[in-house]
Amino acid sequence: MSHSADWIITDANIWCGGPPTSRGSEPPSPTALALRDGLIQAVGSESEVLGLRGPDTAVFSLNGRFLMPGFVDAHLHLLTGGLRRFHVNLKGVASRQEFMQRVSDRTRSTPKGSWILGGDWNQEDWGGDFPTREWLDRVTPEHPIFLARMDLHLGLANSTALRLAGIDAHTPDPENGHIDRNPDTNEPTGILRERAMLFMYDLIPDLTDQDCAAALRGGMLEALTHGVTQVHDMGAVQKLSESWQSLRVLRDLEAQGRLPIRVGSALPLAHWRDAAELIAQKGSGSHRLQWGRVKGFVDGSFGSSTAWFHEPYLHEPSSRGGPVCDLETLRSDILDSVGAGLQPTVHAIGDAANDWLLEVCRQMQTLHPGKGDDLRVEHAQHLTPAALEELGATGRIVSMQPSHLQDDAPWLEARLGLERMRRTYAFRSLEARGARLALGSDWPVAPIDPLVTVWNAVNRCPPDTGHGLGEPWCPQERMELDAVLRAHTWGGAVAGGTAGHTGSLHPGKAGDFVVLSEDPFRLPAEELHRGIMVDMTFVDGILLHQRDGSGE
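Being a predicted model, the structure only gives us computed values, none of them experimental. All residue numbers here refer to positions counted from 1 along the written sequence of the relevant chain. Confidence filtering applies because this is a predicted model: local features only for residues at pLDDT of at least 70, side-chain atom pairs given and counted only at 80 or more, and all residues used for totals across whole chains, interfaces and linings. Side-chain measures here rest on the full set of heavy atoms in the structure, leaving out hydrogens and waters.

**Q** What is the right way to read the overall build of the protein from this model?
**A** Helix and strand counts for the protein stand at 19 helices and 23 strands. Here the globule rule is a power law, 2.2 Å times the number of residues to the power 0.38, and the radius of gyration is based on C-alpha atoms. Relative to the globule expectation of 24 Å for 552 residues, the C-alpha radius of gyration of the protein, 24 Å, shows essentially globular dimensions. When the backbone C-alpha atoms are referred to their principal axes, the protein occupies close to 80 × 60 × 50 Å. Counting every position in the protein, which comprises 552 residues, the buried fraction comes to 58%. When contacts within the protein are restricted to residue pairs at least 6 apart in sequence, those whose partners lie at least 24 apart make up 73%. Asp and Glu count as negative and Lys and Arg as positive, but His and the ends of the chain are not part of the count. In this description, the location of a charge corresponds to atom NZ of lysine, CZ of arginine, CG of aspartate or CD of glutamate. Looking at charge distribution, the protein has the averaged site of its 50 positive side-chain charges lying 1 Å from that of its 72 negative ones. Every helix listed is a DSSP run of H or I at least four residues long, and every strand listed is a run of E at least two residues long, numbered separately from the N terminus. The classification of residues rests on relative accessible area computed with a 1.4 Å probe and restricted to protein chains. Under 20% of the type maximum is buried, over 50% is exposed, and intermediate values are partly exposed. It only takes one pair of heavy atoms within 4.5 Å for two residues to be counted as in contact.

**Q** Looking at this model, I keep getting lost on the pairing of strand S10 (residues 145–149). Mind explaining?
**A** If a strand is regular, its side chains alternate between the two faces of the sheet. Along S10, five of the five residues are buried, which leaves the element largely enclosed by surrounding structure. We treat two strands as partners when DSSP finds at least two bridges between them. Two elements, strand S9 (residues 116–121) and S10, share five bridges in a ladder whose sense is parallel. Within the sheet, the bridge partner assigned to Leu117 lies in S10 and is Phe146. As judged from the three bridges shared by S10 and strand S11 (residues 154–157), these two strands associate in the antiparallel manner. Each bridged residue has a counterpart across the sheet, and for Leu147 the counterpart in S11 is Leu156. In textbook terms, the turn of a hairpin is the stretch between consecutive antiparallel strands, and for S10 and S11 this stretch comprises four residues, one of which, Leu152, has a positive phi near 70°.

**Q** Can you walk me through the side chain of Thr537 in this structure?
**A** Structurally, Thr537 can be placed in strand S22 (residues 534–539). Here a polar contact is taken to be a pair of N or O atoms separated by no more than 3.5 Å, where protein atoms must pair a possible hydrogen donor with a possible acceptor and residues adjacent in sequence count only if both atoms sit in side chains. A distance of 2.8 Å separates a polar side-chain atom of Thr537 from the backbone oxygen of Leu224. What Thr537 contacts, discounting residues up to four positions off in sequence, is Leu224, Gly227, Thr229, Phe513, Val514, Ile542, Leu543, Leu544 and His545.

**Q** It is not clear to me how the environment of Leu147 should be interpreted in this structure. Could you clarify?
**A** With respect to the helices and strands, Leu147 occurs in strand S10. Judged by its relative accessible area of 0%, Leu147 is buried. A sequence separation of 36 residues divides Leu147 from Pro183, and the C-alpha atoms of the two residues are 23 Å apart. Contacts of Leu147, omitting those with residues within four sequence positions, involve Val88, Leu90, Phe99, Val103, Ile116, Leu117, Gly118, Gly119, Trp121, Leu136, Gly155 and Leu156.

**Q** Whenever I open this one, the packing of helix H8 (residues 240–255) against helix H9 (residues 272–282) confuses me. Can you help?
**A** In a pair of packed helices, the angle between the axes and the distance between the axes together describe the arrangement. In the contact formed by H8 and H9, the axes pass within 13 Å of each other and the chain directions differ by 20°. By the angle between their axes, H8 is roughly parallel relative to H9. For the crossing formed where H8 meets H9, the hand is right-handed. Judged by residue contacts, Trp244, Leu247 and Arg251 of H8 engage Asp274, Ala275, Leu278 and Lys282 from H9. Note on geometry: axes are C-alpha line fits, over the in-contact stretch for helices, and angles between N-to-C directions span 0 to 180 degrees. Roughly parallel means an angle under 35 degrees; roughly antiparallel means over 145; roughly perpendicular covers 65 to 115; every other angle is labelled oblique. Left-handed describes a crossing in which the near helix is turned anticlockwise from the far one by less than a right angle; the clockwise case is right-handed.

Structure (structure tokens):
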């Protein structure tokens, strides 16, 4: 029986990744890689690897280009991101007039009475004032409209949508949600925060499976163009039922051989019993599609001023944000899901939210010793010194999104003050103390491009104003490039429970890798995004993306 390779890649500059190694212990960079049956058969020098060449082995040269493990995006919303292709795009809108015109343009192609959805707007882009329902009412009284802010923690409805939902001056705030109101009339302004958005989501028509599949496929193909071979899908944002629909459609796509990347799917934490029952009946998936993760929320977002802090926001002295759920129910769901063998994945942004979650983790270790070590803290953006130490000492999985720096940096000091600002996005401190970092994008909140994530983690510069790079923001928390790449490959595989077969380039592992146009280790830090292109993306040894002209 022949054991020759199917493919041999030569003249490559290979970075194998994997767990962190002590400085100076890395072997010389391999230059060749062999694949057989979709798995890595060998990595080493050309003389070593070419020994696996047989009469039917295909050999091609990378002409010195950089080859590394495929990126793992440890936190995104696959369905929500894919649906953005079909919705109003308000990202980067810099004025009220432009906001209204983009919505007006969509009315011309939307039947009267049908919903207009979308968003990605950021009030800071036009000065900080929130939009109101009057902006949308001037565009159309004939379409219900709901447009989510870029962080997905609040949204804007027009009067038609508010009327359909029965929201008026007398409607009480829902628990863990808020309806913004005109202080003179008490009439709703159109801004709905956190669980007040459920008024809209309960009205918006359900997705068809066909539309769901199209959005998921579009999102996965977008990931491939950026070198992402594995994603951790945190579920749909609008409706809990859509997370289940998404998983069902993903299972159908996998059965049809139409799942181009690896997906780890999260279901709502509140549905942990149903998630455990699914595993009991169907198992937890395959190497291409997995489930068993359950996602919950402690608080809201910093940009919407709903993240939960110990001290008040400086720009809203009467508010510290707060939890977006019943905390005792959340505590019970976390502990019970751990007991059922699931992986809780919990959103915590403010320092009070993270402290509360760590207190639950301590209780978890008492009730379920030996379980729950893989509980994931999602975001961990603002930490007390004690929380920083505890996350490191316990080796907790911390899933972070460096590209959020671009959204938050311009107004962090004005909202939190200098001292609290210095404890924000503590990438390097967490890594140095032993936390297991996994990096992601939170797409569509931020770009799905891992090279943007890498750039932000290494440079920590505020948004580009067109005048070159500004001063690094809290430069003591900048990460070394090697550590960033490991956190965005190996770290994601560890967080997703797939490190046994993905996340690094070693014999026996899946042939998931990406070819970059330049060696990032040889570029100045400021060129890590603009100076590199993704030339090729492979999953299971199959070329699934190739940039035009990159094969020459």
